[in-house]
Structures are given as structure tokens and as C-alpha cells.
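Coordinate inspection notes
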Amino acid sequence: MTVAPRRRATVRRIATITSTAPSPLQPIGELTAAQTQVALVVAAGLVALAVVAGGATWRLARNVVTIAHEGGHALVAIASGRQLTRILLHSDTSGVTVSKGRRDGPGMVATAFAGYATPPLLGLGAAALVAGGAVPTMLGLSIMVLLGTLALIRNLYGVASVVVTGAVVVVVIAYGTTTVQYGFACFVTWFLIVGGLKTVLEVQRKRAGRRAADSDPDQLERLTGVPAGIFVAMFALIGVLALIFSGNLLLSWPPLS
């Protein structure tokens, strides 16, 4: 009866290979490092989808998408030569970015367009960093973006929202294992994209009910003469493409051993 010893020898050999393979993640249970990464990517996506789909969780987490949205307005306003005055974040998860400069022209158009485009594009950039094995860089850049936004916030609720968001990232950086950091980075990637897409659907519903006369798409219509619905479709397309490309990066091109 030599079946059991052979089986134990095989298990030991597999365990030795797994433990010595160069991988950024500690395998979970009986999963290999590669399987662990794929499992974390999928699980993080499901959690992000659940957060966005849930009423209470979305009302709380939507603040993060608003921070990215208004940060996009601010960054493009500065890049286009406008003078940024302030950013306000409100308890209803809406936000306002105020800048000085021409009331029309390419700079104003780019600034107005940047809001809804920024969350999914940030998610895509995060996916590229995660897929390239640069999770610490991705988390560090998140802190830098939040600090830059914090310097421009001019109301208490906005300050609290950015500080709480930054504190969560800091805790993950300081105390999270490599596996936890990887899973968190994947969650942030999915959440920015899926959450950004949901805000596009929300603004279109408000527009359909004539409750969003000053929305970004309507401002863009007044600036360019292009129907606001075209801009809504463009924002949705950006989100869908970001979702597809990010999924391809995280699932087809992870830094697996």
C-alpha cells in the first residue's frame, strides 16, 4: 500500500513549488498565487457592484465618485489656464467646482467635460498600475490626489469626506497585507468605473425629469450647441470602454508567476 505516501510526496512537491514561486500575493488556502489574484479581482468587482447597487451603501460611497468628479473639473480647469477658486462637496453627494476665466471657449468646454469622464479614466489608470504590479504606487498616488483635492475644498463636509476617504487608504497602506492591498486596489478600480457609470445614468434620469437644467451635459450643450444627450452618450461610452479595458488588464494581463 504505497498510494498514500506517493500522494503526500506529490502534495509536498506542489506546496514547495507554490511557496518558492515569486508572486506578489500570498495564496489563499489551496489556491495558487495566480488563482488568488483572479479570485481577488472577481471578488472585488462583485463587492464594488454590490456597493453601487445598494441604496444605503451607494449614498455613502458616492462621495468618493464625487471627489473624483470634482477633482477632474479642477485639474482640467488649472491645465487650461483657468483660475480655480474652490471646490464644494455637499451632504447630498453633489459637488461644485468654481473657476474664473472665459465663460466659453475650449478651456471651459474641457473643464465641463472632465467631470463625468474622470472617475472611469482614473479607474482605468488604476487598473493599469495594478496589472503592472504597482499596487503601492497606485495607493500612493491616491493619497496625493486626495491631498491635492483637500487643499482646494472650501466647506466642512467636503473636508470631512476627503479626510475619511484618505484615512481608509492610509489604513490599508499601513496595516494591510499585500493580499489585502491588492484586493482593495482592485475594488477601487472597479468602484470608480461602475460608480462613474451609475452617476451618468442618474444625471440622464434627472434630465429626463427636467430636474438637471444646470448639469454638465446641459452646460456643454449651451457651450457647444451639441445636444446634451450626445454628451451623456459619450460619458457612458467612456465608462463602458474603461470597464472593458480594465477587465482585460486585470484578468488577462495580471503580473502572475
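Summary of the structure given here.

Mapped onto the elements, Thr111 comes out in helix α4 (residues 106-131). Once you skip the residues sitting within four places of it in the chain, Thr111 turns out to touch His73, Val76, Ala77, Ser80 and Arg82.

In this section: the packing of helix α3 (residues 55-79) against α4. Following both chains from N to C, one finds α3 and α4 inclined at 130 degrees, their axes separated by 7 Å at the closest point. In terms of orientation, α3 lies oblique with respect to α4. Between α3 and α4 the crossing geometry is right-handed. Residues Val65, Ala68, His69, Gly72, His73, Val76 and Ala77 of α3 lie in contact with α4, whose contacting residues are Ala110, Thr111, Ala112, Ala114, Gly115, Tyr116, Thr118, Pro119 and Leu122. Residues that form the contact of α3 with α4 fall into these classes: 10 nonpolar, 6 polar and no charged.

Let us look at the environment of Asp104. Here Asp104 shows up in the loop between β2 (95-100) and α4. One polar contact links Asp104 to Arg102, side chain to side chain, over a distance of 2.9 Å.

Turning our eyes to something else, we now look at the packing of aromatic side chains. With the rule as written, the count across this model stands at 5 aromatic pairs. Between Phe113 and Phe235 the ring centres are 4.9 Å apart and the planes differ by 45 degrees, which places this aromatic pair in the tilted class. In this pair, Phe113 sits in helix α4 while Phe235 sits in helix α9 (residues 228-252), placing the two residues 122 residues apart along the sequence. Take Phe235: its relative accessible area is 1%, and that puts it in the buried class.

In this section: α3. Between its first and last C-alpha, α3 extends 36 Å over 25 residues, near the 36 Å set by a 1.5 Å rise per residue. Bending of α3 peaks at approximately 35 degrees at the position of Ala61. Among the residues trailing α3, Gly81 stands out with phi positive, at a value near 90 degrees.

Now for a nonpolar patch on the surface. Among the surface-exposed residues, Leu237, Val240, Leu241, Ile244 and Phe245 lie close enough to one another that they form a single nonpolar patch of about 450 Å² accessible area. By secondary structure assignment, the location of Leu237 is in helix α9.

With that settled, consider the side chain of Asn155. Here Asn155 is to be found in the loop between α5 (135-150) and α6 (156-175). For Asn155, the residues in contact, after removing those within four places along its chain, are Ile87, Leu88, Leu89 and His90.

Further remarks concern the pairing of strand β1 (residues 83-89). In this sheet, β2 lies alongside β1 in antiparallel orientation, the contact comprising 6 bridges. Bridge pairing in β2 places Arg86 opposite Val98. Connecting the antiparallel pair β1 and β2 is a turn made up of 5 residues, with Thr93 showing a positive phi of about 70 degrees.

Conventions adopted
- Residues numbered from 1 in each chain as written.
- Predicted model: local features only at pLDDT ≥ 70, side-chain atom pairs only at ≥ 80, totals over all residues.
- Heavy atoms only, no water.
- Helix = DSSP H or I, 4+ residues; strand = E, 2+ residues; numbered from the N terminus.
- Contact = heavy atoms within 4.5 Å.
- Axes fitted to C-alpha atoms, helices over the stretch in contact; angles between N-to-C directions.
- Parallel < 35°, antiparallel > 145°, perpendicular 65-115°, else oblique.
- Left-handed = near helix turned anticlockwise from the far one by under 90°.
- Nonpolar A, V, L, I, M, F, W, Y, C, P; charged D, E, K, R; others polar.
- Polar contact = N/O pair within 3.5 Å; in protein donor to acceptor, adjacent residues only side chain to side chain.
- Phe/Tyr/Trp six-rings, centres within 6.5 Å; stacked < 30°, edge-to-face > 60°.
- Buried < 20%, exposed > 50% of the residue type's maximum accessible area, 1.4 Å probe, protein only.
- Expected span 1.5 Å × (residues − 1).
- Bend = angle between axes of the 7 residues up to and from the residue.
- Patch = residues over 30% accessible without salt bridge, like charges linked within 9 Å, V, L, I, M, F, W, Y side chains within 5 Å.
- Areas by Shrake-Rupley, 256 points an atom, 1.4 Å probe, with all protein chains shown as cover.
- Salt bridge = Lys/Arg side-chain N within 4 Å of Asp/Glu carboxyl O.
- Pairing = 2+ DSSP bridges.

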